[in-house]
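Each chain, written out:
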Amino acid sequence: MRLRVATAALLVLILSCGPSETTLDSLRSQAEIFSARVSFAWQNLSTFQLRGNARLDGSSLVARGPFVLWGDPERVLLRGDFYGPDGKPVVSIMGNSTGLTVYLPRDEYASFTPLGLQAGGGTIRVEDLIFLLRTGFPLSLEQWQISDLAEYEEGRIIWSFSTAEDDTMILAMDPGRLFPGRCSWDDGTFTINASSPHDEYRAWPWSWSTRIGDNVVDLELTDIAITQVPWEGIWRMFIPVPVDSLDEAPIWHPSDTLMQR
């Protein structure tokens, strides 16, 4: 009899430790906790360096190798180099509040995109790119905006964004995840496949897959450092070819007009 009681008690304990049921209240709670973590991460972010491995696969470029990426959220600066197997840069980027410059040394080609990175019919500003790298959220918004903008569909948390031209971008977060899992727009997506081995308030998005048009980039971090740059010249990039200036595209903003920046 005692054995039966003990077995039944153990079974109840095991079942109670299983995955909890996803409810609207649990999703709302997760969205609020996520927005709090985003706010904490952004407010405590200073100059950082990310290192890792990347695979670049485009219509005219296929390369695999290490990368180094610097970011300064306060001054809105972004600078990175992606290297091939021979140790030479295949893609270099430089971003600030005016826009994003991409240089392909082997192709002797450089382009400048006003405001930031063009994704679909809209632009993710450089400030938003830095915010995205740290938080997994594609727009730099306040904590209350992130939680209030959340919608709930098919057991997931959804955020929607648009442009003045009515293009749409959708961000989705599955239950129990530290970061959103997938963001999609007209001709591209990005997914966050893993988080760094830190506690939930200090974790970073660790593994990324991104597709913009015909270009696919896979990133996996190996090191995160919150540190000062060794010299200010690191933010500059020498480009010995003419820079092609692309047309400006409208920025992405929350679909809810009351939440727009």
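See the structure shown above.
Every value quoted in this text rests on a predicted model; they were computed, and no experiment measured them.

Asker: Would you mind going over the overall build of the chain with me for this structure?
Answerer: Within the chain one finds 4 helices and 17 strands. Residues classed as buried in the chain amount to 45% of the 261 residues present. Across the chain, every contact between residues at least 6 apart in sequence was considered, and the portion connecting residues at least 24 apart equals 52%.

Asker: Quick question: what am I supposed to make of the pairing of strand E2 (residues 62–72) here?
Answerer: On any regular strand, side chains alternate: one points to one face of the sheet, the next to the other face. Of all 11 residues that make up E2, 8 are buried, and the element is covered over most of its length. By the bridge criterion, 10 bridges tie strand E1 (residues 48–57) to E2 in an arrangement that is antiparallel. Directly across from Arg55, in E2, lies its bridge partner Arg64. Sheet topology places E2 next to strand E3 (residues 77–83); 6 bridges connect them, and they run antiparallel. Bridge pairing in E3 links Trp70 to Arg79. The loop that links E2 with its antiparallel partner E3 comprises 4 residues; one of these, Val76, has a positive phi angle of about 55°.

Asker: Hey, could you run me through the nonpolar core in this one?
Answerer: As a rule of thumb, nonpolar side chains are buried together in soluble globular proteins. In this structure, Phe137 and Trp159 are the most contacted members of the largest nonpolar core, which totals 52 residues. Excluding residues that lie within four positions of it along the chain, Trp159 makes contacts with Phe34, Phe137, Ile146, Leu149, Ala150, Met169, Ile170, Leu171 and Met173. Grouped together as the second largest cluster of nonpolar side chains are 6 residues, Leu77, Val229, Ile234 and Trp235 included.

Asker: Looking at this model, I keep getting lost on a negative patch on the surface. Mind explaining?
Answerer: Residues Glu151, Glu153, Glu154 and Asp256 make up a contiguous surface patch of negative charge. Within the secondary structure layout, Glu154 lies in the loop between strand E9 (151–153) and strand E10 (156–162). A relative accessible area of 77% means that Glu154 is categorised as exposed.

Asker: Help me out: how do you make sense of helix H3 (residues 126–135) in this one?
Answerer: Each full turn of the α-helix corresponds to 3.6 residues, which orients residues three or four apart in the same direction. The buried count for H3 comes to 9 of 10 residues, which makes it a mostly enclosed element. What H3 keeps buried is the set Val126, Asp128, Leu129, Ile130, Phe131, Leu132, Leu133, Arg134 and Thr135.

Asker: Which parts of the structure should I look at to understand unusual backbone geometry?
Answerer: Glycine aside, the phi torsion of most residues is negative, and most peptide linkages are trans. Positive phi, close to 55°, is recorded for Val76, a residue that is not glycine. Along the chain, Val76 turns up in the loop between E2 and E3. Its identity is not glycine, yet Glu154 carries a phi of approximately 50°, on the positive side.

Asker: Help me out: how do you make sense of the pattern of salt bridges in this one?
Answerer: Think of it this way: side chains of opposite charge can pair up when their charged atoms draw near. All chains considered together, the criterion is met by 10 salt bridges. A salt bridge links Asp86 to Arg106; the nearest nitrogen and oxygen atoms lie 3.0 Å apart. Pair noted here: Asp86 is in the loop between E3 and strand E4 (89–96) and Arg106 is in the loop between strand E5 (99–104) and strand E6 (109–114), with a separation of 20 residues, a long-range link. With a relative accessible area of 48%, Arg106 lands in the partly exposed category. As a salt-bridge pair, Arg125 and Glu127 come within 3.6 Å of each other at their nearest N and O atoms. What makes Arg125 partly exposed here is its relative accessible area of 23%. Salt bridges here are not isolated pairs; linked through shared partners, they connect Asp72, Arg75 and Glu232.

Asker: Is there a simple way to explain the packing of aromatic side chains in this structure?
Answerer: For any pair of aromatic rings, the description consists of the separation of the ring centres together with the inter-plane angle of the planes. Here the structure, examined in full by the defined rule, presents 10 aromatic pairs. With 5.4 Å between their ring centres and 90° between their planes, Phe40 and Tyr201 make a pair best called edge-to-face. Residue Phe40 is found in helix H2 (residues 24–43), and its partner Tyr201 is found in the loop between strand E13 (188–195) and strand E14 (205–212); the two are separated by 161 residues along the sequence. For Phe40, a relative accessible area of 30% gives the class partly exposed.

Asker: Even after reading the chapter, I still don't get the pairing of strand E11 (residues 168–173), so can you show me in this structure?
Answerer: Inspection of the sheet shows E10 paired to E11 by 6 bridges, in the antiparallel sense. Within the sheet, the bridge partner assigned to Trp159 lies in E11 and is Leu171. Hairpin connection from E10 to E11: 5 residues lie between these consecutive antiparallel strands, with Asp166 at a positive phi of about 70°. Relative to strand E12 (residues 182–185), E11 runs antiparallel, the two being bridged by 3 bridges.

Asker: Any chance you could explain the packing of H2 against H3 here in plain terms?
Answerer: If you want to describe how two helices pack, look at the angle between their axes and the distance between the axes. Between H2 and H3, the shortest axis-to-axis distance is 10 Å and the interhelical angle comes to 115°. Viewed along their axes, H2 and H3 adopt a mutual orientation that is roughly perpendicular. Crossing angle aside, the handedness with which H2 passes H3 is right-handed. Here Phe34, Val38, Ala41 and Trp42 of H2 lie close against H3, whose contacting residues are Glu127, Ile130, Phe131, Arg134 and Thr135. Its residues assigned to classes, the contact of H2 with H3 shows 6 nonpolar, 1 polar and 2 charged.

Scoring rules and cut-offs
Residues numbered from 1 in each chain as written. Predicted model: local features only at pLDDT ≥ 70, side-chain atom pairs only at ≥ 80, totals over all residues. Heavy atoms only, no water. Helix = DSSP H or I, 4+ residues; strand = E, 2+ residues; numbered from the N terminus. Buried < 20%, exposed > 50% of the residue type's maximum accessible area, 1.4 Å probe, protein only. Contact = heavy atoms within 4.5 Å. Pairing = 2+ DSSP bridges. Core = buried A, V, L, I, M, F, W, Y, C linked by side-chain atoms within 4.5 Å. Patch = residues over 30% accessible without salt bridge, like charges linked within 9 Å, V, L, I, M, F, W, Y side chains within 5 Å. Areas by Shrake-Rupley, 256 points an atom, 1.4 Å probe, with all protein chains shown as cover. Salt bridge = Lys/Arg side-chain N within 4 Å of Asp/Glu carboxyl O. Lys, Arg positive; Asp, Glu negative; His and termini not counted. Charge placed at Lys NZ, Arg CZ, Asp CG, Glu CD. Phe/Tyr/Trp six-rings, centres within 6.5 Å; stacked < 30°, edge-to-face > 60°. Axes fitted to C-alpha atoms, helices over the stretch in contact; angles between N-to-C directions. Parallel < 35°, antiparallel > 145°, perpendicular 65-115°, else oblique. Left-handed = near helix turned anticlockwise from the far one by under 90°. Nonpolar A, V, L, I, M, F, W, Y, C, P; charged D, E, K, R; others polar.

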